Amino acid sequence: MKKLKYIIVISLFTFIFACENYLDVVPDNVPTIDHAFLDRTSAEKYLATCYTYLPNLATPAGDPAILGSDEWWAIEDQTYNGTTTNYAGLKLKKGELNSNEPLFNFWDGLNGGRACYRAIRDCNVFLENIHKVGNDLSQEEAKRWIAEVKFLKAYYHYCLMRMYGPVPIVKENIPISAGIEEVRVYRDPFDEGIEYIVSLLDEAVPDLPIQIMNVSAELGRITRPIALSLKAEILVMAASPLFNGNPDYRSFKDNRGVALFSQEYSRDKWVKAADACKDAIDACLLGGHDLYEFTKQTNISDSTKRLMSLRHVVTDKWNKEIIWTAAKLTMYDYQRGTTPFFFMEQAQWTPTNPFMCPTLRMAELFYTKNGVPIEEDIQFEYGNRFQTESAPADHKYYIQPGYETAKLNIGRETRFYANLAFDGAIWFGNGRFRDVGDGPANEQSWVIRTKKGEPQGKASNLRYSLSGYWARKTSHFESVSTSSSSVVVVRSTFPIIRLADLYLLYSEALNESLDSPTEEVYHYIDFVRERAGLKGVVESWQNYSRYPSKPSSKEAMREIIQHERMIELAFEGKRFWDIRRWKTAHIWLNQPIRGLNPEGTTPVEHNTVRVLYTPEFSTKDYLFPIRQHNLRVNTNLIQNPYWK
């Protein structure tokens, strides 16, 4: 009887959230939910099940923040080596998101999305049944497992709220005795949802370890720094313009007349977010986290070492800067389309499977060597940035000296060279592990040549970059191939949150909570800039910007912090969500996506700008639509604004 009741509960809940499965008839002698909590081993398997719903981050087919961002462009629906790409993120940029069959449906688990409500249901089952486990599960271990599942439950709710705004909060699974109206749940007001998932994290924190001690068996499990960092990220999101007094959602109410968004802006939300960021930073430092420094090669110049610290922070597995990364996530699928497989052809390598490429916008985004935007730097020829000139000798660790390349590529900050490769760029690693000034010429770093007919240029319809730029950051520097049958792929975990991200969140939240910036606001953004080899914000703007007093204003400092996040966290899936919560996506995502000319055979021809596509983005696109089927099944749900 208990088995049948459980099946009915699951079916009712699944029906409400539009999982279109009929109730199966379960034969006798099939294990019931009680069997899942008979002993420690069984319960641990159920704990692992709660982890399995984590989104497929870093994959274009499973993460809208990759190709849905204006950081990337791609060849859509192409087949290479028998594999057809699935780049639904491009359709987001093309305005093809719809409410009949939404892309990246995290509500139901369709079209690349994860079934977050199914995940929450399983988390509730775990929390409701873990007490049944026998004596072989210690009280201390049970507390830790409960804390982990509370964290996961909070995270799955967060994934839904970040995408849809207000959603039904599922504190407990629907009981067997529930009537029809009880099953037809409402969307909870946004602020109430935030309050609930933050309370889950607060409950989880005391019982989580400050760091993982058994690294061979437990890397990827939730820690106290992870939980506090997620809390900080959630509160920053809730305080941001999209969700904090947004006039576009002023009239958004359900059929009871309940307002689903706060009607007034609250600075206090930023105060709470800043406090949460500081608590998370303190916990991370206590847990041994620190900004990453590259140490895998010692016989290299300081310039290359800094470049590799900035490049390899993402791909160096489990490094001390990464606060949270899911063990099952790797850069493998993500990097397939960006650079890292190399075939030796006449002492040069050629990237394969290049479906994805950085946009020209990203090449223009990074600062100059003086630490200010290229359009503000008094020493940078912004108007002539696509004209060509010979690379100077002092750029030898970044560009082949004397190579004629665009002025846009000369005199930039180290993060530009760590993230991007271009015509004339020096590429360390991936088969060449000697610095420019060390070792025989044929063993030194690669020189990238991207004009038509050159090794990294257009030679067919596939093996070239549509924009003229390649992404380095997503390529592990030890991945290499010497032939089509000899491939070494170094797999690496993908960071969900890292310390530089947290520093910049704190700087942002603190700036927004105050009337004007303080030294502490500058302090944390300057931590990140120092690692990149740049002077502090105030000094850089005073000496090199057309607007020397810019950092003294709260509004202008907001722009600086946002710019810094877009640079430091480029290609890490952050920009997609940031420009939405800042409510600036309609500015960025209605501008042409540009690249250089892959047909060019001379420096001048190659560095001619062309438009690849002009995307579409309107107010309705700030939130994803709920699938129409769900609205028909549950008439108490209402669609997101402007999607009717």
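Described below are features of the structure shown in this document. (Residues numbered from 1 in each chain as written. Predicted model: local features only at pLDDT ≥ 70, side-chain atom pairs only at ≥ 80, totals over all residues. Heavy atoms only, no water.)

Points about the overall build of the chain
In terms of helices and strands, the chain carries 23 helices and 18 strands. When the accessible surface of the chain is totalled, it reaches about 24,800 Å², and 49% of it is carbon and sulfur. (Helix = DSSP H or I, 4+ residues; strand = E, 2+ residues; numbered from the N terminus. Areas by Shrake-Rupley, 256 points an atom, 1.4 Å probe, with all protein chains shown as cover.)

What about the layout of surface pockets?
Estimated volume of the second largest pocket: approximately 440 Å³. Lining the second largest pocket are 20 residues, with L365, E375, H563, M566 and W588 positioned closest to its centre. The set of elements that each furnish at least two residues to the lining of the second largest pocket consists of α14 (360-365), α19 (554-568) and α21 (585-588). By residue number, the principal contributor to the lining of the second largest pocket is α19, which donates 4 residues. Partitioned by chemical class, the residues of the lining of the second largest pocket number 9 nonpolar, 4 polar and 7 charged. (1 Å grid on protein atoms, 1.4 Å probe; cavity = no way out; pocket = protein on both sides within 12 Å on 5 of 7 lines; lining within 4 Å. Points joined across faces, edges and corners; volume = space filled by probe spheres on them. Nonpolar A, V, L, I, M, F, W, Y, C, P; charged D, E, K, R; others polar.)

Observations regarding empty space enclosed by the protein
Under the criterion given, the structure shown has 7 cavities of 30 Å³ or more. Counted as a void, the largest cavity has a volume near 340 Å³. Residue lining of the largest cavity: 24 residues in total, with Y158, R162, E233, K574 and W577 positioned closest to the centre. When contributions to the lining of the largest cavity are tallied by element, the ones reaching two or more residues are α6 (139-164), α10 (224-239) and α20 (575-581). Reported here for the second largest cavity is a volume of approximately 100 Å³. G68, L92, K93, G95, E96, L97, R580, L589, E616, F617, D621 and F624 are the residues that line the second largest cavity. Each residue belonging to the lining of the second largest cavity can be placed in one class, and the counts come to 5 nonpolar, 2 polar and 5 charged.

A few points about the nonpolar core
Ranked by internal contacts, the top residues of the largest apolar core, which has 184 residues, are F37, F151, Y155, Y156 and I194. The element contributing the most residues to this core is α6, with 15 residues. Not counting chain neighbours up to four residues away, the residues in contact with Y156 comprise C50, Y51, Y53, L54, C116, A119, I120 and C123. (Core = buried A, V, L, I, M, F, W, Y, C linked by side-chain atoms within 4.5 Å. Buried < 20%, exposed > 50% of the residue type's maximum accessible area, 1.4 Å probe, protein only. Contact = heavy atoms within 4.5 Å.)

Quick notes on the pattern of salt bridges
Summed over the entire model, instances satisfying the criterion amount to 48 salt bridges. The partner of R627 in a salt bridge is E101, with the nearest N and O atoms 3.5 Å apart. Placement of the pair is R627 in the loop between β18 (609-613) and α23 (628-633) and E101 in the loop between α4 (88-93) and α5 (116-129), with a sequence separation of 526 residues. Look at R627 and you get buried, because its relative accessible area is 7%. (Salt bridge = Lys/Arg side-chain N within 4 Å of Asp/Glu carboxyl O.)

Observations concerning the environment of T359
Along the chain, the position of T359 falls in the loop between β7 (356-358) and α14. Relative accessible area serves as the criterion here: at 2%, T359 is assigned to the buried category. Considered as a pair, T359 and G595 are 236 residues apart in the sequence and their alpha carbons are 6.0 Å apart. Within the structure, the side chain of T359 is placed 2.9 Å from the backbone oxygen of D70, a separation counted as a polar contact. (Polar contact = N/O pair within 3.5 Å; in protein donor to acceptor, adjacent residues only side chain to side chain.)

Comments concerning the packing of aromatic side chains
Following the criterion strictly, the structure yields 33 aromatic pairs and no others. Here the aromatic rings of Y249 and F261 are separated by 4.7 Å at their centres, their planes lie at 20°, and the arrangement is stacked. With a gap of 12 residues between them, Y249 in the loop between α10 and α11 (268-286) and F261 in the loop between α10 and α11 connect regions that are remote in the sequence. The burial state of Y249 is the same as that of F261; both residues are buried. Taken together through their ring pairs, the aromatic side chains of Y53, F151, Y155, Y156, Y158 and W324 make up a single cluster. In this structure, R575 packs its charged tip against the face of W588, placed 4.5 Å from the ring centre. (Phe/Tyr/Trp six-rings, centres within 6.5 Å; stacked < 30°, edge-to-face > 60°. Lys NZ or Arg CZ within 6 Å of the ring centre and 35° of its normal.)

What to know about the environment of S516
Within the element layout of this structure, S516 appears in the loop between α16 (499-513) and α17 (519-531). Residue S516 is classed as partly exposed on the basis of its relative accessible area, which comes to 36%. Linking S516 and K554, residues 38 residues apart in sequence, is a C-alpha distance of 4.8 Å. Non-local contacts of S516, meaning those with residues more than four positions away in its chain, are made with S552 and K554.

A closer look at α17
Taking 1.5 Å as the rise per residue, α17 with 13 residues should run 18 Å; its terminal C-alpha atoms sit 18 Å apart, in good agreement. Remark: the principal bend of α17, roughly 30°, maps to I525. Where α17 is concerned, the buried positions are V521, Y522, Y524, I525, V528, R529 and R531. Once α17 finishes, G533 follows within two positions and takes phi at roughly 85°, a positive value. (Expected span 1.5 Å × (residues − 1). Bend = angle between axes of the 7 residues up to and from the residue.)

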